[in-house]
Every structure is written in C-alpha cells, then in structure tokens.
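An overview of the molecular structure
What follows is the residue order along each chain.
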Amino acid sequence: MIFNQYLFTFAFLPIVLILFYLRPLRQWRIGLLIVASFVFYGYAGLAHLGVLIFDIVAVYVLTRRDEQISRWTLGVAIAIPLLSLIYFKYAEFLIADVFMISRSERSTEFSLFEQIVLPAGISFFTFQTISYAIDRYRGEITTPKFGDFVLYVSFFPQLVAGPIVRFNEVGAQIRGLTEFSPNGAVWLRGLNYFVAGLAFKVLVADSLGSFVNGLSTQLDNLSSLDALFVVFGYSFQIYFDFYGYSLIAIGIASWFGIVLPTNFLRPYEADSPSAFWRKWHVSLSFWIRDYLYLPLGGNKNYLRNITIVFLAVGLWHGAGWNFIAWGGYHALLVIMVRNGERYWNLMPILMRRGANFVLVSFGWLLFIFDFDEIWRFLGRLAEFRAESVLLGGFPWLILAISAVFCFGINVEKFGERLPRFRHQELLGVAYGAILFLCVIFFDYSTSFIYFRF
C-alpha cells in the first residue's frame, strides 16, 4: 500500500484514525497501530510481511535480557536482519555481477536465488533493528515491552521509506499513546505536511518523472537542451519524491502521537558536498555517522573512513556498480572540497551553492543510467544539437516551478505559523483544492523512488 492511492487516502487512513480515537479503544492503541501497520505492509505480499515479523521477533528475543547483552549476542542480532537484507537485495548482484555466474550457468530448476522480489523498505527497517541492537549493547536503552518494540519497527507512516528513527527518539512517545490527545495545532501541522507532501509527490515529482523517463529512453535523439533537462529534472524529481514522502510520514505520524525527526533541511541550498549530507536524508546520515563512521575511528583515518562510509551509502541505495560508483563520487567530492577548502571558500556563497547543486545533480545520473548509457548521455550533452525531443515549454515551466518550491518555500516554517493564521476557512479551501488536484492524478502517479531502496 502506498500513500498516493485511493485505498490508503479514503479507506485505510480514515478507518485507522477513527479507531485510534474511539474512547473504548484508547488502551489498545499500540495493538491497533501494530495491526494497521501489518495490514499496510502485508497488502503487498504476506511473504514480505513474514520477513518483517521474523526480523522483529529475532532481534527482540536476542536482546530482551535486562542486563547488558554480550558481543556475541549483538553479532547474531545484527547478522539476522543483515542476512535478510543481503539475500533479498544483493543476492542477484553478488551472483551475477560480483561472482560473474551467468543465468545459463545456473540450475534451470527452482532456485532460492532466482526471481527474488525485494521487500519494500527493507533497508530502512533493517537499519532500525540494527540500531536498536547496538543501543541495547551500549546500554543506552533498556528492554521495552514487546508491543512497543514491534510498533517502533513497523509503524506504517515511516516503515517503507523512513525517516530512520532510534528507539530512544520515539520510545517514550509510544508508551504515552494511551494518553495522547492532539490539539488543533497538531491537526493543522499534520494536514500541512500531508497535503504538501502529496502535492510534491503527485503534482511535481511525477510530472517531472514523466518527462525525464521519456527522454532517458531516447538517448540517441537527445539534444544538449534535452540532456540538461534530464540532469536537473531528475534532481528535482528525486528530491520532491523523497521529501514528499517524508512530509507525509511526519504529518500522519503526528496525528497518531508520534513526532518523527525532520529528514530534509533544504539540501540543495548546501554550500559544500559535506554540508549537503548534513541536510539530505538526515536520519540516514546520522545513522551512518553514529554506527559506522565513528566506530571506524572517525577523523583519525579520515580518507579511509569517509571512503568506506560513502561506498556503504551507495550500496545501501541499490545493488549495482552504478550505486557504488555514486557513493564513490560523493566521497571524492567531499574529500576534494575538504582538501581544497580555502580555494572553494573563495567563491561567494551563492556560487558555492550553485556549484554544489550542479555537482550533486550530475551524480544522480548514476541512478538513471548504466555506465555505457552515461557516456552516451554525456556525449549528447556536449554535442550542442539544435533539434529537441521536448515539445513546447511546459516541461521547462514545471522545472521552474520545482525550483521555486525548492529554493523559495519552507513548508516546515509555514506549518509552524498555521495556528496563528486568522482566516482558517481560507486554509481549508486551499488545502481542499490541492488535495483534490492530487487525487485527480492518483491514477497517473507512480510508486515512491525510495521504496526500492
């Protein structure tokens, strides 16, 4: 089930909200949300729901002791969800691209390594279970009730694409759900996030995606202008697709008494590659810092550790050499700008932001094309051919609108000001109109990009 479909917006979400706020069910709120989350995730397939439940139960059982868990127990608690992730996400890549075993060389009979379907969001809930196990080992958290832990991992607003949360961020909120009673400001802010997120996904990201997808399949016909549109069109597409999901997740979670962390801090306004990673997918960046970079030694062996970290980030995003290359590309950017910081900082801040945005945007090409296609694409970009595959100026208008929303509008600040807005009825009409537009285009909307990660 996904946010941008009729079933979720007009059936699942309203029903769960109604049940959640029924007074006789207040004591059962945690159980209700667990069941709802399992229905939400199991809608795509019971087998994948089984993977989620198995990982949850295994990690909880291994770490349930009141005393500090042993290093051996920690290793097993990490290995179980990690092996699930490796099997479902990386088995085909390892067999075909690393060990170079072609399909013709494999058994023609049923194989556990053939036609593996990736469970949506497995990278996200794997990281949450691993962080929980490590925090238990470090003594930073005590063993919660089983239901609290299940909801922490499976909570449906952020289950599939984050934000990635730690138990100590939401544990107290989960325990207090039976007493949660939102005021008008909570409902308004949640509505602001929900509607803005849907609009960014359905009206902006998917509109750009329709043009980018059409152009990326016609490499031999692209003009330089078309290629330039692909570079920046996809850059805005993936931003508004993922940012939109995060906004929806934060908005819905707030209605159920859970405050999720902000996942985007206007990343395209960053003035350096390292600053970008403090603003893009913040929950992943902090996870990598706390559970990989610092344990490796942090800045003590900067060049080695930052390279390992970004290669891991690339691999987390996808099973393919192109994703690993994308991670290596960002490692190179961070290292080069850090070593040449005094020269980089000679540029005015607007120029640094612009240069960083361009560098990041070109990096996203590794999410669209394989290596051969990228060289062909870059060749088209440098050819300066006059003819264009794009029809009219509408795609460029969408791109310009995307830039305005990206650099000129702060959804979070607007949400904070909503309760002080005098004409609440006008807000209701505006949100209703935007939601109506989104619903009209649900049939043309696609799944969120980060679902496959």
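Before reading further, recall that the structure is shown in the block above.
An account of the accompanying structure is given in this report. Numbering of residues begins from 1 in every chain and follows the order in which that chain's sequence is written. Only residues with pLDDT of 70 or above have their local features reported here, since the model is predicted, and side-chain atom pairs are shown and tallied only from 80 upward, although totals for entire chains, interfaces and linings are computed over all residues. Note that water and hydrogens are dropped before the side-chain values are worked out from all heavy atoms of the structure.

Comments concerning the overall build of the chain
Rules: By definition, any uninterrupted DSSP run of H or I lasting at least four residues is a helix, any uninterrupted run of E lasting at least two residues is a strand, and each is numbered from the N terminus. Note on method: radius of gyration uses C-alpha positions; expected globular size equals 2.2 Å times residues raised to 0.38. Three labels apply to residues, based on accessible area from a 1.4 Å probe with only protein chains included: buried if under 20% of the type maximum, exposed if over 50%, partly exposed otherwise in between. Note on areas: Shrake-Rupley, 1.4 Å probe, and residue coverage restricted to the protein chains presented here.
From N to C terminus, the chain includes 21 helices and 0 strands. For the chain, whose C-alpha radius of gyration is 23 Å, the value lies close to the compact-globule estimate of 22 Å for 453 residues. C-alpha atoms of the chain, sized along the principal axes, occupy 70 × 60 × 55 Å. Buried residues in the chain amount to 52% of all 453 residues. Of the roughly 21000 Å² of accessible surface on the chain, 66% is carried by carbon and sulfur atoms.

Quick word on the environment of Val39
Selection criterion: The criterion used for residue contact is that any of the two residues' heavy atoms lie within 4.5 Å.
Residue placement: Val39 occurs in helix H2 (residues 29–42). Val39 gets classed as partly exposed once you look at its relative accessible area, which sits at 44%. Taking the C-alpha atoms as reference points, Val39 and Pro157, 118 residues apart in sequence, are found 12 Å from one another. Once residues within four sequence positions are removed from consideration, Val39 is found in contact with Met1 and Phe12.

Quick look at the side chain of His330
The following threshold applies: In the analysis that follows, any N or O atom pair within 3.5 Å is treated as a polar contact, provided that within protein one partner can donate a hydrogen and the other can accept it, and provided that, for residues neighboring in sequence, both atoms belong to side chains.
In this fold, His330 is placed in helix H14 (residues 321–339). For His330, a relative accessible area of 1% translates into the label buried. Within the structure, the side chain of His330 is placed 3.1 Å from the side chain of Trp277, a separation counted as a polar contact.

Observations concerning the environment of Arg417
Inspection of the secondary structure puts Arg417 in helix H20 (residues 411–417). Linking Arg417 and Leu33, residues 384 residues apart in sequence, is a C-alpha distance of 30 Å.

Description of helix H18 (residues 371–383)
To keep it simple, the criterion reads: One fewer than the residue count of a helix, multiplied by 1.5 Å, yields its expected span. It is the directions from the helix axis to the C-beta atoms that the arc portrays.
For H18, with 13 residues, the first-to-last C-alpha span of 19 Å sits near the 18 Å given by 1.5 Å per residue. Every buried residue of H18 is accounted for by Ile374, Phe377, Arg380 and Leu381. Viewed end-on, H18 has its buried residues packed into an arc of 120°, placing them on one side of the element. Structural note: H18 exposes Asp372, Trp375 and Ala382 on the side pointing more than 90 degrees away from its buried face. Its side-chain oxygen at 3.2 Å from the backbone nitrogen of Asp372, Asp370 defines the N-terminal cap of H18. Phe384 sits one or two residues past H18 and shows a positive phi near 60°.

Quick look at the state of the cysteines
The cut-off we apply is this: Note on terminology: disulfide denotes any pair of cysteine sulfur atoms within 2.5 Å.
With the rule as written, the count across this model stands at 0 disulfides. Residue Cys406 stays outside any disulfide, its sulfur separated by 18 Å from that of Cys438, the closest cysteine. Overall, Cys406 belongs to the buried group, its relative accessible area being 2%.

A few points about the nonpolar core
Defined as follows: Residue types Ala, Val, Leu, Ile, Met, Phe, Trp, Tyr and Cys, when buried and joined through side-chain atoms within 4.5 Å, form a set referred to as a nonpolar core.
Ranked by internal contacts, the top residues of the largest apolar core, which has 139 residues, are Phe156, Ile252, Phe256, Tyr268, Trp280, Trp364 and Tyr450. Among the elements that take part in this core, helix H10 (residues 224–255) stands out by supplying 20 residues, more than any other. Setting aside its immediate chain neighbours within four residues, Trp364 contacts Tyr234, Ser235, Ile238, Tyr268, Phe276, Trp280, Trp326 and Tyr450.

Observations regarding a nonpolar patch on the surface
Applicable threshold: Like-charged residues are merged into a patch within 9 Å and nonpolar side chains (Val, Leu, Ile, Met, Phe, Trp, Tyr) within 5 Å, provided each residue has over 30% relative accessible area and no salt bridge. By definition here, a salt bridge exists when the distance from a side-chain nitrogen of Lys or Arg to a carboxyl oxygen of Asp or Glu is within 4 Å.
A surface patch of nonpolar side chains, about 480 Å² in accessible area, is lined by Val98, Phe99, Ile101, Trp321 and Phe371. For Ile101, a relative accessible area of 35% puts it in the partly exposed group.

Describing the pattern of salt bridges
Close approach of charged atoms allows side chains of opposite charge to pair. Under the criterion given, the structure shown has 9 salt bridges. Taking the shortest distance from any N to any O, the salt bridge between Asp206 and Lys201 comes out at 2.9 Å. Assigned by exposure class, Asp206 and Lys201 land together as buried. A salt bridge links Glu269 to Arg266; the shortest N-O distance between them is 3.1 Å. A relative accessible area of 19% means that Arg266 is categorised as buried.

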